[in-house]
Amino acid sequence: MNDASKSFSGLLTRRAAEIEAVLDRLLSPNCSGEEITRPPKLLAAMRHGVLNGGKRIRPFLVIEAARIFDADMKAALATGAALELIHCYSLIHDDLPAMDDDDLRRGKPTVHIAFDEATAILAGDSLLTLAFDVLARPQSGLDDGRKAALVLGLAQAAGIGGMAGGQILDLDAESSAPDEASIIRLQSMKTGALLRYACEAGAIVGNAAEKERDRLKRFGEIIGLAFQLADDLLDVTSDASQMGKATGKDAARGKGTLVGLNGVDWARNRLDGLVGEACALLESFGDRADVLRQTAIFIARRES
Ligand code: GRG
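Since this is a predicted model, take the numbers as computed values, not measurements. (Residues numbered from 1 in each chain as written. Predicted model: local features only at pLDDT ≥ 70, side-chain atom pairs only at ≥ 80, totals over all residues.)

Further remarks concern the overall build of the protein chain. The helix and strand inventory of the protein chain stands at 15 helices and two strands. Summarising its shape, the C-alpha atoms of the protein chain cover approximately 55 × 50 × 35 Å along the three principal directions. The 304 residues of the protein chain split such that 44% are buried. Residue pairs in contact within the protein chain that sit at least 24 positions apart in sequence constitute 71% of those at least 6 positions apart. (Helix = DSSP H or I, 4+ residues; strand = E, 2+ residues; numbered from the N terminus. Buried ≥ 20, exposed ≤ 12 C-beta atoms within 10 Å, placed from the backbone. Contact = placed C-beta atoms within 7 Å.)

What follows is the structure in structure tokens.
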């Protein structure tokens, strides 16, 4: 690892600790503003699905996009935490027997294994709603216009036109042989929508001008494509996959992915192209966007 990537992964680790402190508070037994004591079993399942060692790349993007505009960090952290709650809900539901039927997530038993299926469904539901609760709270420090934009954007990114819609397209694609355009569409909904939102949300928190907000949204769109392509490449090239140890339908070697369709060399070239496109969008931000540039490279070259 060279010096630049060492200091980038140090920053990623520090930001992950900051976001985890916020998530830990949001998932405490007594949360401010609630009159009812949270049911311990459901809370434990939610904590199991959230406080379990994710990379926290989505909140990282929110924070670093917001920092371009010298935004209030408390608001950026709250927005990043809300987005991570949605991501964790999606992973809990994705692991259920009715979907990917996985026993392990982030190296630990999935929520339906550690608890039971009904509890896992409710933990996911409660994380989904908690995310919007967090964005709407009065103490976020944001004006109503920005709060409404954040809520609307997250609802659209997570719902039928985004992640959930992409998930059903993906489930349906298992019984067909999707073409390139269908794969790109489903991936940009299933995985890309939250990454696109992360960058746009940072711009909203930072009160960016519309042009700047659009540029960051497009940056998010492109790194979303890179994220999924890198993920598919990892499934095909990782040792676990080669040894037939990978579990879950997502790891079925390259099936229904751009790597399966176009090959490993094409995917590596395409990843370089996507990093170039993403970085070009950041030009006008100068060195204030250096961390986002490094994030694009990290996403494309990641090994886990
Ligand atoms: C259940 C509505 C619903 C949606 C599920 C995101 C998703 C949709 C399923 C996850 C399946 C999957 C493995 C997709 C590949 C890309 C991806 C989202 C990987 C996991 O994200 P990371 O690498 O994970 O950011 P960590 O653990 O670091 O948070």
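Back to the write-up after that little detour.
With respect to the secondary-structure elements, D170 resides in helix α8 (residues 163-173). Counting along the chain gives 17 residues from D170 to Q187, while the straight-line C-alpha distance between them is 8.1 Å. Dropping the residues within four chain positions of it, D170 is found in contact with L186 and K190.

On average, residues of the protein chain score 92 in pLDDT, and 94% of them are at 70 or above. This stretch, residues 243-251, has a pLDDT under 50; its non-local contacts, to residues over four places away or in other chains, come to 14 contacts. Confidence estimates for the predicted assembly give a pTM of 0.94 and an ipTM of 0.94. (pLDDT = per-residue confidence, 0-100.)

Further remarks concern the site of the ligand. In the vicinity of the ligand there are 17 residues, among which G54, K55, S90, H93 and D94 approach most closely. When residues of the shell around the ligand are traced back to their parent elements, those giving at least two are α4 (73-94), α8 and α11 (210-237). Counting residues per element, the shell around the ligand draws most heavily on α4, at five residues. Across the shell around the ligand, the residue classes break down as four nonpolar, seven polar and six charged. (Near = placed C-beta within 6 Å. Nonpolar A, V, L, I, M, F, W, Y, C, P; charged D, E, K, R; others polar.)

The next thing to look at is α4. For α4, spanning 22 residues, the distance from its first C-alpha to its last is 31 Å, which sits close to the expected 32 Å at 1.5 Å a residue. In terms of burial, α4 is largely enclosed, as 20 of its 22 residues are buried. (Expected span 1.5 Å × (residues − 1).)

The subject of this paragraph is the packing of helix α10 (residues 192-205) against α11. How two helices pack is summed up by the angle between their axes together with the distance between the axes. Between α10 and α11, whose axes approach to 7 Å, the crossing angle comes to 150°. On the basis of the axis angle, α10 is roughly antiparallel to α11. The crossing of α10 and α11 is right-handed. Every residue of α11 that contacts α10 at G192, L195, R196, A198, C199, E200, G202, A203 and I204 is listed here: E212, R213, L216, K217, F219, G220, E221, I223, G224, L225, F227 and Q228. Among the residues forming the contact of α10 with α11, the class breakdown is ten nonpolar, five polar and six charged. (Axes fitted to C-alpha atoms, helices over the stretch in contact; angles between N-to-C directions. Parallel < 35°, antiparallel > 145°, perpendicular 65-115°, else oblique. Left-handed = near helix turned anticlockwise from the far one by under 90°.)

In the Ramachandran plot, D70 falls in the positive-phi region, its phi being about 55° despite a non-glycine side chain. Taking the number of C-beta atoms within 10 Å as the measure of exposure, D70 has 10 and is therefore exposed. Located in the positive-phi region is R106, a residue other than glycine, with phi close to 50°. Position of R106 among the secondary structure elements: in the loop between β1 (104-105) and β2 (108-109). Judged by C-beta crowding, with 12 C-beta atoms within 10 Å, R106 ranks as exposed.

It is worth spelling out the nonpolar core at this point. As a rule of thumb, nonpolar side chains are buried together in soluble globular proteins. Among the nonpolar cores identified, the biggest contains 83 residues, and L85, L154 and A226 are the most heavily contacted of them. Counting residues per element, this core draws most heavily on α4, at 13 residues. For L85, the contacting residues outside a window of four places in its chain are V50, L127, L130 and A131. (Core = buried A, V, L, I, M, F, W, Y, C linked by C-beta atoms within 7 Å.)

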